[in-house]
Amino acid sequence: MSSRDSIMLPAASIPVSYEVDVVVVGGGAAGVAAAIAAARNGASVLLLEQRGFLGGMGTVSLVPAFCPFTDKEKAIVRGIGLELMERMKRACDPDYREEYANVLDWVPIDPEVLKRVYDDAVLEHGVTPLFHTFVYDVAKSEDGRRVEGVVIVNKSGRSLVRCGYVIDATGDADVAALAGAPFQKGGEAGELQPGTMCYLLANVDRQRFRRFVEETGDTGQLHKAVERAIAAGVLPEGRKSISGLAWVNDTLVGVNFGHVFGIDGTKAEDLTRGAIEGRKVVERQLRFFQEHVPGFERAHLVASGEQIGIRETRRIQGDYVLTAEDFMEARSFPDDIARNAYYIDIHLANSRGNMTFTHLPPGQSHGVPYRSLLPLGLDNVWVPGRAASSDRAVQGSLRVMPNCFAMGQAAGTAAALLSASPAPGTRRSSRDVDVDALRRTLLEQGAWLG
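The residue count restarts for each chain, going from 1 along the sequence in the order it is written. Local features are withheld for residues below a pLDDT of 70 in this predicted model, meaning they are given only at 70 or higher, and side-chain atom pairs are given and counted only at 80 or more; totals for whole chains, interfaces and linings count all residues. In computing side-chain properties, one takes all heavy atoms of the structure into account and sets aside hydrogens as well as water.

### Topic: the overall build of the protein
And step 1. The helix and strand tally for the protein stands at 12 helices and 19 strands.
And step 2. When accessible area is computed with a 1.4 Å probe and restricted to protein chains, residues below 20% of their type maximum are described as buried, those above 50% as exposed, and intermediate ones as partly exposed. The 450 residues of the protein split such that 56% are buried.
And step 3. Counting only contacts in the protein whose residues sit at least 6 apart along the sequence, the fraction spanning at least 24 positions is 74%.
And step 4. Values of accessible area rely on a 1.4 Å probe in the Shrake-Rupley scheme; residue burial ignores everything except the protein chains shown. Put simply, the protein shows about 19000 Å² of open surface, and 50% of that area lies on carbon and sulfur atoms.
And step 5. Across the protein, the 49 positively charged side chains and the 56 negatively charged ones have centroids separated by 3 Å. Strands are runs of DSSP state E lasting at least two residues, helices are runs of H or I lasting at least four, and both sets are numbered from the N terminus onward. Contacts: residue pairs with any heavy atoms within 4.5 Å of one another. The charged-residue count follows a simple rule in which Lys and Arg add positive charge and Asp and Glu add negative charge, with His and chain termini not counted at all. Throughout, a charge is located at the NZ atom of Lys, the CZ atom of Arg, the CG atom of Asp or the CD atom of Glu.

In structure tokens:
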């Protein structure tokens, strides 16, 4: 954009709409857990969300299932995240509760139930939610190291939220980037994992589909059908397996299948293209299901994601950068605030690429250090979730909802501990947290640290 394409707006005075200990930006898994944790530990909390409901990728984008909470032997993500998933189970219908009562990995999401569960949970803890709201800018201290407030925009106008601490749970490090924190995005050539438009199909016959899978031995016939459909132009180039089916009940299934390439989730233009192309892909996939997959002959599309699902955008450069070597060696750190065992899952960046999967052995996990939540150059900001400080390989593992819950709980707890014990006239840094006290509090409140 040249200087001729810009204008100067007049200086304006804006009101202060809220003043809180902690502002959490983004109402996905990391943000919900952060807000609850901060409030549970005594902080006043404002939770900002750009949609009219909480849940992030699980509700906005209809990602059909929670990724694993276990290391294939035991639950390693516990605390607030596990509490919320179990609460969703209890709020579902009796058949769902019976089927998934003891399941902790790949639990299907009922998005409307989950929205209400999150609403109730944050309100019960005294969190103030504010929906339909974007962060437009940040107000920084004179030395540039603290975010003293965030400028928000919504139907009520433009205003400032004054705060002691900020938890950037946008998934894209939007606030940290606005505040000047360094970050990386994508691979060495700028490539990004593709987006996926997830959706819900009703009027399906799960028992007929199960018989088909049993009669053919596995899903190999389905894989071959996808390959034939791609070769014939029925389906677009890209992902060749249908592994992302999550059955809410015997007639309703969530689908995570296929890719839309070249989508940068930090650009409105790309999100617009992703939405339009994603819906076109879903239409083609629906015809494929109806014509080639037993049990889906009368499938009806009831909802597609409000936004295409985004796997990867920015990664902050933090006090510590988690690496693939840390993952492979299942390292622990003295400041661990979470454990992760989800496999490295990097989706192909283009239709001819390959997907990368790297697993830890059952029973093994690696630590997530507190330092990975702290963006360089900022003293009162945490970035939990998929934008935490890691290399690209580990981001392909950390980015899933259970891990976001765990990192969010740690960030919210740390912010509350700092808010609870300030010396008069001082402004404590995120790096001033007593890490031993933080870890003790997390353990007391249900987390598992190995």
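Further notes follow.
### Let's talk about a nonpolar patch on the surface
And step 1. Judged by side-chain polarity, Ile7, Leu9, Tyr136 and Val153 come together as a nonpolar surface patch covering roughly 430 Å² of accessible area.
And step 2. Here Val153 shows up in strand S7 (residues 147-154). Only residues above 30% relative accessible area that lack a salt bridge enter a patch, with like-charged residues linked at up to 9 Å and the nonpolar side chains Val, Leu, Ile, Met, Phe, Trp and Tyr linked at up to 5 Å. Any Lys or Arg side-chain nitrogen located within 4 Å of an Asp or Glu carboxyl oxygen qualifies as a salt bridge.

### Some details on the sheet that holds strand S13 (residues 300-304)
And step 1. Strands are labelled as partners when DSSP assigns at least two bridges between them. With antiparallel pairing, 4 strands are arranged side by side in an open sheet as S11-S12-S10-S13. One side of each edge strand has no neighbouring strand; the edge strands of this open sheet are strand S11 (244-249) and S13. Strand-to-strand twist of the sheet, defined as the mean angle between neighbouring strand axes without regard to direction, takes the value 25°.
And step 2. The pairing of strand S10 (residues 199-202) with S13 spans 4 bridges and is antiparallel. Across the sheet, residue Ala202 finds its bridge partner in S13, namely His300. Axis definition: a line fit to C-alpha positions, over the contact stretch in the case of helices; interaxial angles, taken between N-to-C directions, run 0 to 180 degrees.

### Remarks on the packing of helix H11 (residues 401-420) against helix H12 (residues 435-444)
And step 1. The interhelical angle for the contact between H11 and H12, taken along N-to-C directions, is 120°, at an axis separation of 10 Å. It follows from the interaxial angle that H11 and H12 lie oblique. For the pair H11 and H12, the crossing hand works out as right-handed. Between H11 and H12, the residues in contact are Gln409, Ala410, Thr413, Ala414 and Leu417 and Ala437, Leu438, Thr441 and Leu442, respectively.
And step 2. Three residue categories are used. Nonpolar comprises Ala, Val, Leu, Ile, Met, Phe, Trp, Tyr, Cys and Pro, charged comprises Asp, Glu, Lys and Arg, and polar comprises the others, including Gly. Classifying every residue of the contact of H11 with H12 gives 6 nonpolar, 3 polar and no charged. Each angle gets one of four labels, with under 35 degrees taken as roughly parallel, over 145 as roughly antiparallel, 65 to 115 as roughly perpendicular, and the rest as oblique. With the far helix as reference, a near helix turned anticlockwise by less than a right angle produces a left-handed crossing, and one turned clockwise produces a right-handed crossing.

### Observations regarding empty space enclosed by the protein
And step 1. Grid spacing is 1 Å over the protein atoms alone, the probe is 1.4 Å, and a cavity is where that probe fits but cannot get out, while a pocket is an open set with protein on both sides within 12 Å along at least five of seven lines and lining residues have an atom within 4 Å of a point. Grid points are joined across faces, edges and corners, and a volume is the space filled by probe spheres set on the points. Within the structure shown, the criterion is met by 5 cavities of 30 Å³ or more.
And step 2. Approximately 90 Å³ is the volume attributed to the largest cavity.
And step 3. Looking at the largest cavity, the residues that line it are Ile76, Val77, Arg78, Ile337, Ala338, Arg339, Ala406, Gln409, Leu442, Ala447, Trp448 and Leu449.
And step 4. The set of elements that each furnish at least two residues to the lining of the largest cavity consists of strand S15 (336-340) and H11.
And step 5. Ranked by residues supplied to the lining of the largest cavity, first place goes to S15 with 3 residues.
And step 6. In this structure, the second largest cavity spans a volume of roughly 60 Å³.
And step 7. Leu235, Pro236, Glu237, Gly238, Arg239, Phe257, Gly258, His259 and Gln285 are the residues that line the second largest cavity.
And step 8. Residue composition of the lining of the second largest cavity, by class: 3 nonpolar, 4 polar and 2 charged.

### Some details on the pairing of strand S2 (residues 45-48)
And step 1. Burial along S2 is two-sided: Val45 and Leu47 and Leu46 and Leu48, pointing in opposite directions, are all buried.
And step 2. Two strands pair when backbone bridges link them, and strand S1 (residues 16-25) and S2 are joined in this way by 4 bridges, in the parallel orientation. Bridging from a neighbouring strand, Val24 pairs with Leu47 of S2.
And step 3. Orienting the strands away from the viewer, one traces the path from the first strand over the helix to the second; a clockwise path indicates a right-handed crossover. Crossover handedness for the path S1 to helix H1 (residues 29-40) to S2: right-handed.
And step 4. With 3 bridges connecting them, S2 and strand S5 (residues 128-130) associate as parallel partners. Counted as the bridge partner of Leu47 is Pro129 from S5.

### Details of the packing of aromatic side chains
And step 1. Think of it this way: a Phe, Tyr or Trp ring, Trp meaning its six-membered ring, pairs with another when their centres are within 6.5 Å, and the plane angle makes it stacked under 30 degrees, edge-to-face over 60, tilted otherwise. Counted under the stated rule, the structure contains 15 aromatic pairs.
And step 2. Considering the side-chain rings of Tyr96 and Tyr100, the 4.7 Å spacing of their centres and the 50° angle between planes classify their relative orientation as tilted. Placement of the pair is Tyr96 and Tyr100 together in helix H3 (residues 94-100), with a separation of 4 residues, close to one helical turn. Side by side, Tyr96 and Tyr100 carry an identical accessibility label, which is buried.
And step 3. Seen from their ring centres, Phe288 and Phe289 are 5.9 Å apart, and the 65° between their planes marks the pair as edge-to-face. Of the two residues, Phe288 and Phe289, both sit in the buried class.
And step 4. The rings of Phe209, Phe212, Trp247, Phe257, Phe288, Phe289 and Phe296 are connected pair by pair, giving a single aromatic cluster.
And step 5. The ring of Phe53 has Lys115 lying over it, and the distance from NZ or CZ to the ring centre is 4.0 Å.
And step 6. The aromatic ring of Phe183 is capped on one face by Arg314, whose charged end is 5.2 Å from the ring centroid. Consider the ring centre and the ring normal. A charge sits over the ring if Lys NZ or Arg CZ is within 6 Å of that centre and within 35 degrees of that normal.

### Focus on the side chain of Ser61
And step 1. Relative to the assigned elements, Ser61 resides in the loop between S2 and strand S3 (65-66).
And step 2. The exposure class assigned to Ser61 is buried, which follows from its relative accessible area of 0%.
And step 3. Sequence-distant contacts of Ser61, defined by excluding residues within four places in its chain, comprise Gly56, Cys198, Gly305, Gln307, Ile308 and Gly309.

### With respect to the state of the cysteines
And step 1. Only a pair of cysteine sulfur atoms within 2.5 Å qualifies as a disulfide here. Considering all chains together, one arrives at 0 disulfides under this definition.
And step 2. No disulfide involves Cys198; its nearest neighbouring cysteine sulfur is the one of Cys67, lying 11 Å away.

### Quick word on the packing of H1 against helix H2 (residues 79-91)
And step 1. Close contact between H1 and H2 brings their axes to 10 Å; oriented N to C, the two are set at 110°. Here H2 runs roughly perpendicular to H1, going by the angle between their axes. Seen along the crossing, H1 lies across H2 with a hand that is right-handed. Mapping the contact onto sequence places Val32, Ala33, Ile36, Ala37 and Arg40 in H1 and Ile80, Glu83 and Leu84 in H2.
And step 2. Grouping the amino acids of the contact of H1 with H2 by side-chain chemistry returns 6 nonpolar, no polar and 2 charged.

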